[in-house]
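Architecture and fold: a report
Now for the letters of each chain:
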Amino acid sequence: MKKIMNFVLFMLCFFSFNTAVYAVAKINPVIKEIRNEKDRTDKEKLTVRKEEVDDGAIGEVSYYYKGNVLKKIVSYFDFETGNEYREYYIKNDKVYFIYEKMTHTEHIIKVMPTGESVWKENPKVLGISEKRYYFDSNGEIVRYIDEKGNIHENDLQMREADEEIRRFKLNFLGNRL
């Protein structure tokens, strides 16, 4: 009886482990295609056109083209509380992936003997957060990875992130998002 119980327990553990490994290995085909397309874009030799931006936030927007086709937009903005770096990947004039990195900093204002206030040269970094947004070919969000690395698919956090990214989209995106 003990041998049978050990065998049953072994088989249960084996099948449970096998199911867990299969679930991890199974990747959403839409996400897999987005990752492949992003990797192809990163490997392509693209022409860059840069623009300085100074409308509330100071920064730069770089447009990456293959011929006349816009493939990627990279934006970098400085704010009083840090900086924002974003990569927008584009296919068929629609954004399919967004990578966002926020660096939160603490600036110290030094008052000079003349009474002039000066920002400290090397601000202290308080934290860095990263987010990722995945969109299907219809422009619908299919996955959101939050700053803690949690993956959201078909849940409230994903829908809220989609609403926020669309509400605060920058002018240079036009109707691509």
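Not measured: the values here are computed from a predicted model. (Residues numbered from 1 in each chain as written. Predicted model: local features only at pLDDT ≥ 70, side-chain atom pairs only at ≥ 80, totals over all residues. Heavy atoms only, no water.)

Let us look at the environment of Asn28. Inspection of the secondary structure puts Asn28 in the loop between α1 (2-25) and α2 (29-43). Within the structure, the side chain of Asn28 is placed 2.9 Å from the backbone nitrogen of Val30, a separation counted as a polar contact. (Helix = DSSP H or I, 4+ residues; strand = E, 2+ residues; numbered from the N terminus. Polar contact = N/O pair within 3.5 Å; in protein donor to acceptor, adjacent residues only side chain to side chain.)

Across all of its chains, the model carries 14 salt bridges by this definition. The salt bridge involving Glu37 is made with Arg40; its shortest N-O contact spans 2.6 Å. With Glu37 and Arg40 both in helix α2, this residue pair falls three residues apart, about one helical turn. One continuous salt-bridge network, built from bridges that share partners, spans Glu84, Arg86, Glu100, Lys131 and Glu147. (Salt bridge = Lys/Arg side-chain N within 4 Å of Asp/Glu carboxyl O.)

Right, let's talk about the environment of Ile128 for a bit. As for its position among the elements, Ile128 is in strand β8 (residues 124-135). For the pair Ile128 and Glu147, spaced 19 residues apart in sequence, the C-alpha to C-alpha distance is 8.7 Å. Discounting residues that sit within four places of it in the chain, Ile128 has contacts with Lys101, Met102 and Thr103. (Contact = heavy atoms within 4.5 Å.)

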